[in-house]
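# Geometric and topological summary
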Amino acid sequence: MALDEIRDQPRAVALLRRALETGRVAHAYAFVGPRGSGRMTTALAFAAELLGSPSRQHPDLHVIAPTPPETNPKGARAIRIAAIRELSREAALRPVMARRKVFILDEAERMTGETPQAFLKTLEEPPAATVMILILPRARAVPATVLSRCQVVRFESRGDEAAAALSAQALELLDEVRAQGVEAMFRRAERVDREKVEGLVDAYWLLCRDLLLAKAGAPPALLLNGARAEALAREAETWTLDGILRTIELCREAREALVHNVTPRLTLEIILSRLALRAA
């Protein structure tokens, strides 16, 4: 996706476009905003502009995401110091094809222990021809010393109307797949682009959140989709707790897969299949 195709974030896009046009690209950016606001989509579009290529497999594009410990695949995900040391080593090398290298740290708030301090050393003496982008939910999610060396780009929460429309579309699509089977899933999945799939995955992620709350007997005021409280309660009765938790994990994996260039259609089909079967 091109930078100019990013919707709902005109200020962020204008700031980045101005940096490209004037040649005043910062060595580090912090894309700060809530999940679902398009931070990663925009980061990848900005990287494509910087590298002169939209390919997710470009040798000068590096995405660092939280991972579980090597000894425990089900353990807590984090960006550990070894990943930052590898980033620093890679950043010190010359670009392979483009004029720059771009490093995107997804969920940068998950840097653990001494990792932020190790990353700070790279920011203090940035290698030439590198641009680093931190994806953050809020400014205080990393130490002030790290944030102060980044140009902050704010992402606004998508409007309530837009979020409600996307949620309604996600539920309509799920109902259609349950009623009409795999043919409906294949038909609908082939007509969506990457940004739409990212939004739908987030919508299903939030649906699972509401299902957890409904299963626990939470009042409608705590639900993101409180107007559907009764329907959510009925839906929650058809799920096991483990099934909801597995689907939440699947949504997280789907978001990471989209970052690493898995096709949007395949990602959506997997999510819909799991939801339609209630993670059976």
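Keep in mind the model is a prediction, meaning the values are calculated, not measured.

### Some words on the overall build of the chain
A count of helical and extended segments in the chain gives 11 helices and five strands. Here the C-alpha radius of gyration of the chain, 20 Å, is about what a compact globule of 280 residues would show, namely 19 Å. Along the longest, intermediate and shortest principal axes, the C-alpha atoms of the chain span 55 × 35 × 30 Å. Residues classed as buried in the chain amount to 49% of the 280 residues present. Counting contacts in the chain only where the partners sit at least 6 residues apart, residues at least 24 apart contribute 75% of the total.

### Considering helix H1 (residues 10-22)
Here H1 is 13 residues long and its end C-alpha atoms lie 18 Å apart, about the 18 Å a rise of 1.5 Å per residue gives. When H1 is considered as a whole, its buried residues turn out to be Ala12, Val13, Leu15, Leu16, Arg17 and Ala19. Residues of H1 that are buried make contact with strand S1 (28-32), helix H2 (39-51) and strand S5 (151-154). Phi for Gly23, located one or two positions after H1, is positive at around 75°.

### Thoughts on the side chain of Glu235
Tracing the backbone through its elements, the reader meets Glu235 in helix H9 (residues 229-237). Within the structure, Glu235 has its side chain in polar contact with the side chain of Arg178 (distance 2.8 Å). Here the side chain of Glu235 touches Trp239 through a polar contact of 2.9 Å, side chain to side chain. When near neighbours in sequence (up to four residues on either side) are disregarded, Glu235 contacts Arg178, Leu211 and Arg278.

### Looking at the state of the cysteines
A full pass over the atoms with the stated rule returns zero disulfides. There is no disulfide at Cys208, and the cysteine sulfur nearest it, in Cys251, is 5.1 Å away.

### Quick notes on the pattern of salt bridges
Under the criterion given, the structure shown has 12 salt bridges. In this structure, Glu249 engages Arg252 in a salt bridge whose closest nitrogen and oxygen atoms are separated by 2.3 Å. Placement of both Glu249 and Arg252 in helix H10 (residues 241-259) is noted, with a separation of three residues, approximately one turn of the helix. Linking Arg265 and Glu269 is a salt bridge whose minimum nitrogen-to-oxygen distance equals 2.8 Å. Taken together, the residues Arg265 and Glu269, both in helix H11 (residues 264-276) and four residues apart, mark about one turn of the helix. Classification of Arg265 by relative accessible area gives partly exposed; the value is 35%. Glu269 gets classed as buried once you look at its relative accessible area, which sits at 13%. Here the residues in one salt-bridge network are Glu86, Arg89, Glu90 and Lys101, joined through shared partners.

### Considerations on the environment of Leu277
Its location among the elements puts Leu277 in the segment after H11. In this structure the C-alpha to C-alpha distance between Leu277 and Asp60, which are 217 residues apart in sequence, comes to 40 Å.

### Description of helix H8 (residues 194-215)
The terminal C-alpha atoms of H8 lie 31 Å apart, and with 22 residues this matches the ideal 32 Å at 1.5 Å per residue to within 8%. In terms of residue burial, H8 counts as a mostly covered element, since 16 of its 22 residues are buried. Downstream of H8 by one or two residues, Gly217 has phi in the positive range, about 80°.

### Considering the environment of Leu224
You can see Leu224 is positioned in the loop between H8 and H9. For the pair Leu224 and Leu213, spaced 11 residues apart in the sequence, the C-alpha separation amounts to 9.9 Å. In contact with Leu224, not counting residues within four places along its chain, are Leu206, Arg209 and Asp210.

### Concerning the nonpolar core
The biggest cluster of nonpolar side chains holds 34 residues, and the ones touching the most others in it are Tyr204, Leu268, Ile271 and Leu272. Secondary-structure elements contributing two or more residues to this core are helix H6 (160-180), helix H7 (182-189), H8, H9, H10 and H11. Element by element, the count of residues in this core is highest for H8, at 10 residues. When residues no more than four places from it in sequence are discounted, the contact partners of Tyr204 are Ala170, Leu173, Leu174, Cys251, Leu268, Ile271, Leu272 and Leu275. Counting residues in hydrophobic clusters, the runner-up holds 28 residues, among them Ala45, Phe46, Ala47 and Ile135.

Rules used throughout
Residues numbered from 1 in each chain as written. Predicted model: local features only at pLDDT ≥ 70, side-chain atom pairs only at ≥ 80, totals over all residues. Heavy atoms only, no water. Helix = DSSP H or I, 4+ residues; strand = E, 2+ residues; numbered from the N terminus. Rg over C-alpha atoms; globule rule 2.2 N^0.38 Å. Buried < 20%, exposed > 50% of the residue type's maximum accessible area, 1.4 Å probe, protein only. Contact = heavy atoms within 4.5 Å. Expected span 1.5 Å × (residues − 1). Polar contact = N/O pair within 3.5 Å; in protein donor to acceptor, adjacent residues only side chain to side chain. Disulfide = S-S within 2.5 Å. Salt bridge = Lys/Arg side-chain N within 4 Å of Asp/Glu carboxyl O. Core = buried A, V, L, I, M, F, W, Y, C linked by side-chain atoms within 4.5 Å.

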